Amino acid sequence: RSRSITVRVLDGGREVDSFRASSPKALRSALRPIETHLPRNRVVVQFRGVEEAWLPLGLDRVSHEVDLDGLGSALSFLAA
């Protein structure tokens, strides 16, 4: 099993960045420049949790995605 967060950054409705992080430390590090350099009144950051599991012998992969409310929810998702 693995868990990660897919992050989309929208500026005025247009996607300007996206990335995936699998640890809380990596997620915070990647968000720091976004929070510093982009205007808060126009930027929307969307978080989506992705949980993947592989069946025995790696024969098949099952993926489940869920929309998350914010950074706190994303960090909780990774910690679970």
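Residues numbered from 1 in each chain as written. Predicted model: local features only at pLDDT ≥ 70, side-chain atom pairs only at ≥ 80, totals over all residues. Heavy atoms only, no water.

1. Looking at the confidence of the model for the chain
1) Next: Looking at the chain, the pLDDT average stands at 91 and 99% of residues meet or exceed 70.
2) Next: Ranking the elements of the chain by mean pLDDT puts helix α1 (residues 24-37) last with 91 and helix α2 (residues 71-79) first with 96. (pLDDT = per-residue confidence, 0-100. Helix = DSSP H or I, 4+ residues; strand = E, 2+ residues; numbered from the N terminus.)

2. A few points about the side chain of Glu51
1) Next: Position of Glu51 among the secondary structure elements: in strand β3 (residues 43-54).
2) Next: A distance of 3.2 Å separates polar atoms of two side chains, one belonging to Glu51 and the other to Arg1.
3) Next: Setting aside its immediate chain neighbours within four residues, Glu51 contacts Arg1, Ser2, Arg3, Val62, Ser63, His64 and Phe77. (Polar contact = N/O pair within 3.5 Å; in protein donor to acceptor, adjacent residues only side chain to side chain. Contact = heavy atoms within 4.5 Å.)

3. Describing the packing of aromatic side chains
1) Next: A complete count under the given rule lists 0 aromatic pairs for this structure.
2) Next: Arg3 extends its terminal NZ or CZ atom over the ring of Phe77, reaching a point 4.2 Å from the ring centre. (Phe/Tyr/Trp six-rings, centres within 6.5 Å; stacked < 30°, edge-to-face > 60°. Lys NZ or Arg CZ within 6 Å of the ring centre and 35° of its normal.)

4. As for the nonpolar core
1) Next: In this structure, Ile5, Val7, Leu27, Leu31 and Phe47 are the most contacted members of the largest nonpolar core, which totals 15 residues.
2) Next: Contributions of two or more residues to this core are made by β1 (2-11), β2 (14-21), α1, β3 and α2.
3) Next: The leading source of residues in this core is α2, at 4 residues.
4) Next: Dropping the residues within four chain positions of it, Val7 is found in contact with Asp17, Ser18, Phe19, Leu27, Leu31, Val45, Gln46 and Phe47. (Core = buried A, V, L, I, M, F, W, Y, C linked by side-chain atoms within 4.5 Å. Buried < 20%, exposed > 50% of the residue type's maximum accessible area, 1.4 Å probe, protein only.)

5. Some points on the sheet that holds strand β4 (residues 61-68)
1) Next: Read across the open sheet, the 4 strands follow the order β2-β1-β3-β4; overall the sheet is antiparallel. What marks the edges here is a single partner per strand, and that holds for β2 and β4. Direction aside, neighbouring strands of the sheet carry axes that sit 20° apart on average.
2) Next: Packing against the sheet, α1 makes contact with β1, β2 and β3, and its axis sits at approximately 160° to β2.
3) Next: Taken strand by strand, α2 contacts β1, β2, β3 and β4, and its axis lies near 160° from that of β1. (Pairing = 2+ DSSP bridges. Axes fitted to C-alpha atoms, helices over the stretch in contact; angles between N-to-C directions.)

6. Overview of the environment of Ser22
1) Next: Secondary-structure assignment places Ser22 in the loop between β2 and α1.
2) Next: Assessed through its relative accessible area of 56%, Ser22 is described here as exposed.

7. Points about the pattern of salt bridges
1) Next: For the structure shown, the criterion picks out 7 salt bridges.
2) Next: Among the ionic pairs, Arg1 bridges to Glu51, the shortest N-O distance being 3.2 Å. With Arg1 in the segment before β1 and Glu51 in strand β3, this pair connects stretches of sequence that are 50 residues apart.
3) Next: With a closest N to O distance of 2.9 Å, Arg42 and Asp11 form a salt bridge. In this pair, Arg42 is assigned in the loop between α1 and β3 and Asp11 in strand β1, connecting sequence segments 31 residues apart.
4) Next: Owing to a relative accessible area of 47%, Arg42 belongs among the partly exposed residues under this scheme.
5) Next: We classify Asp11 as buried; its relative accessible area is 14%.
6) Next: Each of Arg1, Arg3 and Glu51 takes part in one network of salt bridges that share partners. (Salt bridge = Lys/Arg side-chain N within 4 Å of Asp/Glu carboxyl O.)

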